[in-house]
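The chain contents come next:
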Amino acid sequence: LHEKALNPFAFPSLTVMVADDCASEPGDPGSPRRIVGGGFSFGMCAGYCLTEVTIEEGTVTLTRQAWADITGEDLPDQMVVGELTDAGREALADLEVEVATAALQTTYGCPDCADGGSGWVDVRTRETDRRSTFEYRDPPPELAEVDEFLWGLIETLRECRSDEVVTTGPGCVPADDPR
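Residues numbered from 1 in each chain as written. Predicted model: local features only at pLDDT ≥ 70, side-chain atom pairs only at ≥ 80, totals over all residues. Heavy atoms only, no water.

Draft legend 1. Summary view of the state of the cysteines. For the structure shown, the criterion picks out three disulfides. A sulfur-sulfur separation of 2.0 Å characterises the disulfide bridge that pairs Cys45 with Cys49. Because the torsion about its S-S bond is -90 degrees, the bridge between Cys45 and Cys49 counts as left-handed. A relative accessible area of 27% means that Cys45 is categorised as partly exposed. Disulfide pairing is shown between Cys110 and Cys113; the S-S distance is 1.4 Å. Every disulfide takes its handedness from the sign of the S-S torsion; for Cys110 and Cys113 that torsion is -40 degrees, giving left-handed. The exposure class of Cys113 is partly exposed, given its relative accessible area of 33%. Each disulfide in the protein chain links cysteines that, numbered along the sequence, combine into the pattern 1-2, 3-4, 5-6. (Disulfide = S-S within 2.5 Å. Buried < 20%, exposed > 50% of the residue type's maximum accessible area, 1.4 Å probe, protein only.)

So, in structure tokens, the structure goes:
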């Protein structure tokens, strides 16, 4: 996906990936765009500063990365994997229908100004990949429901829980705090 790798000194972000005209997943009613990920980060941060969730064919993968912990030591990447339920696929498909008609800007507000964190949305069309960046937890109205859906996935996977949207398998190890 477009701009997947992050520079720890660049603007931190919440990522929502959306792909146009990709092969449909089971339960996808043929939406012209598919939301395929999301996340957030903070540039000036110690500990786990990047959290990203990707969705591929119903598999949801949460990855957390650290710039460094407060002692300056490297922290290991954390990963938790889950599966969207039928209800989760339906909810995602409904959001994709809404996002399909949205005219997204490149930047909303001042992402990560004064170390406030930021989020972004990546949209894939047949021709290009585009990114829309916004302030952390302050998405534009056209992305607010997507942001809430992705936050739900992140929180559920971080805690190795299952709910009506996503399930985790046996042997899941919760992602440690600090956020």
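There is more to say after this.
Draft legend 2. Quick look at the packing of helix α1 (residues 86-100) against helix α2 (residues 144-158). At a minimum axis separation of 10 Å, α1 and α2 run at an interaxial angle of 155 degrees. In terms of their interaxial angle, α1 and α2 are classed as roughly antiparallel. α1 and α2 meet at a crossing whose hand is left-handed. Residues Gly88, Ala91, Leu92, Leu95, Glu98 and Val99 of α1 form the contact with α2, whose participating residues are Glu145, Val146 and Phe149. Residue composition of the contact of α1 with α2, by class: six nonpolar, one polar and two charged. (Axes fitted to C-alpha atoms, helices over the stretch in contact; angles between N-to-C directions. Helix = DSSP H or I, 4+ residues; strand = E, 2+ residues; numbered from the N terminus. Parallel < 35°, antiparallel > 145°, perpendicular 65-115°, else oblique. Left-handed = near helix turned anticlockwise from the far one by under 90°. Contact = heavy atoms within 4.5 Å. Nonpolar A, V, L, I, M, F, W, Y, C, P; charged D, E, K, R; others polar.)

Draft legend 3. Layout of unusual backbone geometry. Positive phi, normally seen in glycine, also occurs at Glu57, with a value near 50 degrees. Positive phi is not limited to glycine here, since Asp115 has a value of about 55 degrees. Summarising the element assignment, Asp115 is placed in the loop between α1 and β6 (118-124).

Draft legend 4. Geometry of the environment of Thr59. Summarising the element assignment, Thr59 is placed in strand β4 (residues 59-68). As for Thr59 and Val81, which are separated by 22 residues in sequence, their C-alpha atoms are 7.1 Å apart.

Draft legend 5. Seen up close, the environment of Asp86. Mapped onto the elements of the fold, Asp86 is located in helix α1. We classify Asp86 as exposed; its relative accessible area is 60%. For the pair Asp86 and Gly58, spaced 28 residues apart in sequence, the C-alpha separation works out to 9.3 Å.

Draft legend 6. Looking closely at α2. In this model α2 runs 21 Å from its N-terminal to its C-terminal C-alpha over 15 residues, within 8% of the 21 Å that 1.5 Å per residue would give. Taken together, the buried positions of α2 are occupied by Val146, Asp147, Phe149, Leu150, Trp151, Leu153, Ile154, Glu155, Thr156, Leu157 and Arg158. Residue Cys160 follows α2 closely and has a positive phi angle near 55 degrees. (Expected span 1.5 Å × (residues − 1).)

Draft legend 7. Quick look at the pairing of strand β5 (residues 78-84). With burial as the criterion, only one face of β5 is covered, namely that bearing Gln78, Val80, Gly82 and Leu84; the residues Met79, Val81 and Glu83 on the opposite face remain uncovered. Looking at chain direction, β5 and strand β8 (residues 166-168) are connected through three bridges and run antiparallel. Its bridge partner lying in β8, Leu84 is registered against Val166. (Pairing = 2+ DSSP bridges.)

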